[in-house]
Amino acid sequence: MGTALLRQGKIKEAITEFNTALKSPLYPTPHYVYYNLGQAYYQLKDYEKARQQYQEAVKISPSYSLAYHGLGLSFMATHQWEEAAEALKKAIEQAPKYAEAHYDLGEVLLELDQQSLARLAFKEVVRLTPGSALGKKAQQRLKDLK
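Now for a description of the structure that goes with this document. Note that the structure is a prediction, hence the values are computed from the model and not measured.

## Comments concerning the overall build of the chain
Line of reasoning, step 1. Per the secondary structure count, the chain includes 9 helices and 0 strands.
Line of reasoning, step 2. Going from the N terminus to the C terminus, the chain shows its helices and strands as α-α-α-α-α-α-α-α-α.
Line of reasoning, step 3. Over its C-alpha trace the chain gives a radius of gyration of 16 Å, about what one expects of a compact globule, namely 15 Å for 146 residues.
Line of reasoning, step 4. Overall size of the chain, expressed as C-alpha extent along the three principal axes, is 50 × 25 × 25 Å.
Line of reasoning, step 5. A buried classification covers 47% of the 146 residues belonging to the chain.
Line of reasoning, step 6. Sequence separation of at least 24 residues holds for 40% of the intrachain contacts in the chain that already meet a minimum separation of 6.
Line of reasoning, step 7. Counting only carbon and sulfur atoms, one obtains 51% of the accessible surface of the chain, whose full area is about 8200 Å².

## Some details on the pattern of salt bridges
Line of reasoning, step 1. With the rule as written, the count across this model stands at 4 salt bridges.
Line of reasoning, step 2. E48 serves as the salt-bridge partner of R51, at 3.2 Å between the closest nitrogen and oxygen. In this pair, R51 and E48 are both assigned in helix α4 (residues 47-60), 3 residues apart and thus about one turn of the helix distant.
Line of reasoning, step 3. Measuring nitrogen to oxygen at the nearest pair gives 3.1 Å for the salt bridge that ties K59 to E56. With a gap of 3 residues between them, K59 and E56 both fall in helix α4, about one helical turn apart.
Line of reasoning, step 4. Its relative accessible area of 59% is what places K59 among the exposed residues.
Line of reasoning, step 5. We classify E56 as partly exposed; its relative accessible area is 27%.

About the criteria used
Each chain carries its own residue numbering, running from 1 in the direction its sequence is written. Only residues with pLDDT of at least 70 are given local features in this predicted model, and only at 80 or more are side-chain atom pairs given and counted; all residues enter the totals for whole chains, interfaces and linings. The basis for the side-chain values is all heavy atoms of the structure; hydrogens and waters are excluded. Secondary structure elements are defined from DSSP: runs of H or I of at least 4 residues count as helices, runs of E of at least 2 residues count as strands, and each element is numbered from the N terminus. Using C-alpha atoms as the atom set, the radius of gyration is obtained and then compared with a globule rule of 2.2 Å times the number of residues to the power 0.38. With a 1.4 Å probe rolled over the protein chains alone, any residue whose accessible area is under 20% of its type maximum counts as buried; one over 50% counts as exposed, and the rest are partly exposed. It only takes one pair of heavy atoms within 4.5 Å for two residues to be counted as in contact. In these tables, accessible area is a Shrake-Rupley quantity obtained with a 1.4 Å probe, and a residue counts as shielded only by the protein chains included in the view. A pairing counts as a salt bridge when a side-chain nitrogen of Lys or Arg comes within 4 Å of a carboxyl oxygen of Asp or Glu.

Structure below.
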């Protein structure tokens, strides 16, 4: 129910549903709920609360790449580039073909003035998703870096 509400833009109602789900000790996959809570708080631009939820998700499921990606995005939103890079690298470590995480890492590496590493990240996006919109966006970033 919470996910449906989140998709409809009813963020506060979604948060209520997610918190209700977390109260059930029998809920089989609480890391998904924490991830979704992170998404909700991210949409509300409450990046600190979003980070807390993503961190809970990876505490429960250390291989949950989506939660690491969300964590990275929440650090990016507050210009915490080193922390963002760490989280995005963990997302990629758990899911090496996660093109969006590679792209976002490239953007963070540019902020950290690590152009050669950013170039590698964008090249990986192009390799993984050559014809996609994201692949084309990465190709443009590579052209801009020359």
